[in-house]
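Here are the chains, one letter per residue:
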Amino acid sequence: MIIRSKAPLRLGIAGGGTDVSPYCDEYGGVVLNATIDMYAYCTLEACNNERVVFTAADRNETLEYKMKSSFPIDGRLDLHKGVYNRVVKDFNNGKPLTFCMTTYSDAPPGSGLGSSSTMVVAILKTFVEWLNLPLGEYDIAHLAYDIERNEIGLSGGKQDQYAATFGGFNFIEFYANDRVIVNPLRIKGWIMDELESSMILYFTGTSRDSAKIIDEQKNNVVTRQEKSLQAMHALKQDAYTMKEAILKGDIAKFAKTLGKSWEAKKQMADSISNSYIDRIYATALEAGVYAGKVSGAGGGGFMMFVVNPVKRLQVIEALKAFDGGRIMNFHFVTDGTKGWKIL
């Protein structure tokens, strides 16, 4: 039997960072995000040779083990092993499984599109389909979060797992004790089309270690750094404003708030922006964009810009000045993670 799955990557539109503990535990966080037609993929082929093979095709990395109940979290394909360890422990009575797994993603690690968390969701979804696990959307998202943050020990927020699992435009609330509420937004077709026409997704050509940025942000909350805290409060308020702007199709207000939010985000941690990102942003502004921001924790990865569609091509031409960067065409998608069996 072969089981396949995919989970969509997301654009972090507003509120990113307020979903990270301890901020969301103390103050409550809100995030506005939307999934796009870029995915993390997983294929699992059940076998009976008492071996477990993990392959990350996009990283040219393969690990093969004799089947056992758990594998070491040692920096090598930890996302794959972390999901396996937890599934065997919680849902297979500690009994080992034998299979070959292959994964790949449309975006590189450190892209700012939630690629690592989305991969965890995709891997978990194959096990849900294979073992017929009784897990709903909230269960999958929370388990994926728990595996990545607590089992594997990777720093980060909570939004990515929920975006990948639920899909679509979501306004997500985060509270203490891991309480999360996903509010799907009903975006009219013409508004979605206008947003796609008005947005440019640009890969800077550089990835970054989001964990270091997030650890700095978390420390700023713990130590009560006033500048960082006020920035997070502003980000949270901007998320409410941008949600209303999107629902009403007010692209001008959406763009204005996006720019304001980016300025606030840069106050959360010193490493969120850098001179290279600042140069890209300045070039885009000069070419005609209304505003923009980095998707995700910051420091590199993907940037998104909002522009009058008639000026779109001149902005794209201006961004060609930066070696290694590239425009990524995308469309919004409404479905979350999917899994299916091939008998």
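Residues numbered from 1 in each chain as written. Predicted model: local features only at pLDDT ≥ 70, side-chain atom pairs only at ≥ 80, totals over all residues. Heavy atoms only, no water.

Colleague: So, the pattern of salt bridges: which residues are in play, and what are the values?
Modeller: Counted under the stated rule, the structure contains 19 salt bridges. Note that Arg76 and Asp74 form a salt bridge whose closest N and O atoms lie 3.4 Å from each other. Exposure remark for Asp74: the relative accessible area of 39% places this residue in the partly exposed category. Between Asp74 and Lys81 there is a salt bridge; the shortest N-O distance is 2.6 Å. (Salt bridge = Lys/Arg side-chain N within 4 Å of Asp/Glu carboxyl O. Buried < 20%, exposed > 50% of the residue type's maximum accessible area, 1.4 Å probe, protein only.)

Colleague: I'd like a rundown of the sheet that holds strand β11 (residues 326-327), residues and numbers included.
Modeller: Strand order in this open sheet of four strands is β9-β10-β8-β11, and the pairing throughout is antiparallel. One side of each edge strand has no neighbouring strand; the edge strands of this open sheet are β9 (289-294) and β11. For β9 and strand β10 (residues 302-307), the ladder comprises five bridges, and the chain directions are antiparallel. Residue pairing in the sheet places Val289 in a bridge with Val307 of β10. Packed onto the sheet, helix α6 (residues 189-198) meets β8 (199-203) and β10 and runs at close to 45° relative to β8. Each of β8, β9 and β10 is contacted by helix α10 (residues 275-287), which is oriented at about 160° to β9, the strand it contacts most. (Pairing = 2+ DSSP bridges. Helix = DSSP H or I, 4+ residues; strand = E, 2+ residues; numbered from the N terminus. Contact = heavy atoms within 4.5 Å. Axes fitted to C-alpha atoms, helices over the stretch in contact; angles between N-to-C directions.)

Colleague: Tell me what's going on with the packing of helix α2 (residues 78-91) against helix α3 (residues 115-131), and back it up with residues and numbers.
Modeller: The contact between α2 and α3 brings their axes to 10 Å, and the two run at 40°. In the packing of α2 onto α3, the handedness of the crossing is right-handed. Residues Leu79, His80, Val83, Tyr84 and Val87 of α2 lie in contact with α3, whose contacting residues are Ser116, Met119, Val120, Ile123, Leu124, Phe127 and Leu131. Classifying every residue of the contact of α2 with α3 by side-chain character gives 10 nonpolar, two polar and no charged. (Left-handed = near helix turned anticlockwise from the far one by under 90°. Nonpolar A, V, L, I, M, F, W, Y, C, P; charged D, E, K, R; others polar.)

Colleague: Describe the packing of aromatic side chains, and please don't skip the residues or the numbers.
Modeller: Scanning all chains against the criterion turns up 21 aromatic pairs. Arranged with centres 6.4 Å apart and planes meeting at 20°, the rings of Tyr162 and Phe166 form a pair that is stacked. Of the two residues, Tyr162 and Phe166 both sit in helix α5 (residues 159-166), four residues apart, roughly one turn of that helix. For the pair Tyr162 and Phe166, a shared accessibility class is recorded, and that class is buried. In this structure an aromatic cluster arises from ring pairing among Phe54, Tyr65, Phe71, Tyr84, Phe99, Phe127 and Trp130. Seen from the ring of Tyr39, Lys6 lies directly overhead, with NZ or CZ sitting 4.4 Å from the centre. (Phe/Tyr/Trp six-rings, centres within 6.5 Å; stacked < 30°, edge-to-face > 60°. Lys NZ or Arg CZ within 6 Å of the ring centre and 35° of its normal.)

Colleague: Give a description of the nonpolar core that names residues and reports values.
Modeller: Phe54, Val83, Tyr84, Phe99, Met101, Leu124 and Phe127 are the most contacted members of the largest nonpolar core, which has 37 residues in total. Broken down by secondary-structure element, the contributors of at least two residues to this core are β1 (2-14), β2 (29-46), β3 (51-56), β4 (61-66), α2, β5 (99-105), α3 and α4 (137-151). Tallying contributions element by element places α3 first for this core, with nine residues. Setting aside anything within four residues of it in sequence, one finds Val83 in contact with Val120, Ile123, Leu124, Phe127 and Ile147. Ranked by size, the runner-up nonpolar core spans 35 residues in total, among them Leu32, Ala34, Met199 and Met328. (Core = buried A, V, L, I, M, F, W, Y, C linked by side-chain atoms within 4.5 Å.)

Colleague: I'd like a rundown of the pairing of β10, residues and numbers included.
Modeller: For a regular strand, side chains alternate in direction, first toward one face of the sheet and then toward the other. Counting buried positions along β10 gives six out of six residues, so the element sits mostly inside the fold. Sheet topology places β8 next to β10; five bridges connect them, and they run antiparallel. Counterpart to Phe203 in the pairing with β10 is Phe302.

Colleague: Quick one: what's the story with the pairing of strand β7 (residues 180-184), residue by residue and with numbers?
Modeller: Where strand β6 (residues 169-174) lies against β7, five bridges are found, and the strand directions are antiparallel. Counted as the bridge partner of Glu173 is Ile181 from β7. The antiparallel hairpin formed by β6 and β7 contains five residues in its connecting segment, where Asn177 sits at a positive phi of about 60°.

Colleague: Tell me about α2, and please be specific about residues and values.
Modeller: Given a rise of 1.5 Å per residue, 14 residues ought to cover 20 Å, and the 19 Å separating the end C-alpha atoms of α2 matches this to within 8%. Summarising burial for α2: 11 of the 14 residues are buried, a large majority. Burial in α2 covers these residues: Asp78, Leu79, His80, Lys81, Gly82, Val83, Tyr84, Asn85, Arg86, Val87 and Val88. Buried residues along α2 sit in contact with β3, β4, β5, α3 and α4. Backbone geometry just after α2 places Asn93 at a positive phi near 55°. (Expected span 1.5 Å × (residues − 1).)

Colleague: So, the side chain of Lys158: which residues are in play, and what are the values?
Modeller: If you trace the backbone, Lys158 turns up in the loop between α4 and α5. Among the residues examined, Lys158 registers a relative accessible area of 1% and is labelled buried. Lys158 has contacts with Asp19, Ser21, Cys24, Asp25, Tyr145, Phe174, Asp178 and Val180, leaving out every residue within four places of it along the chain.

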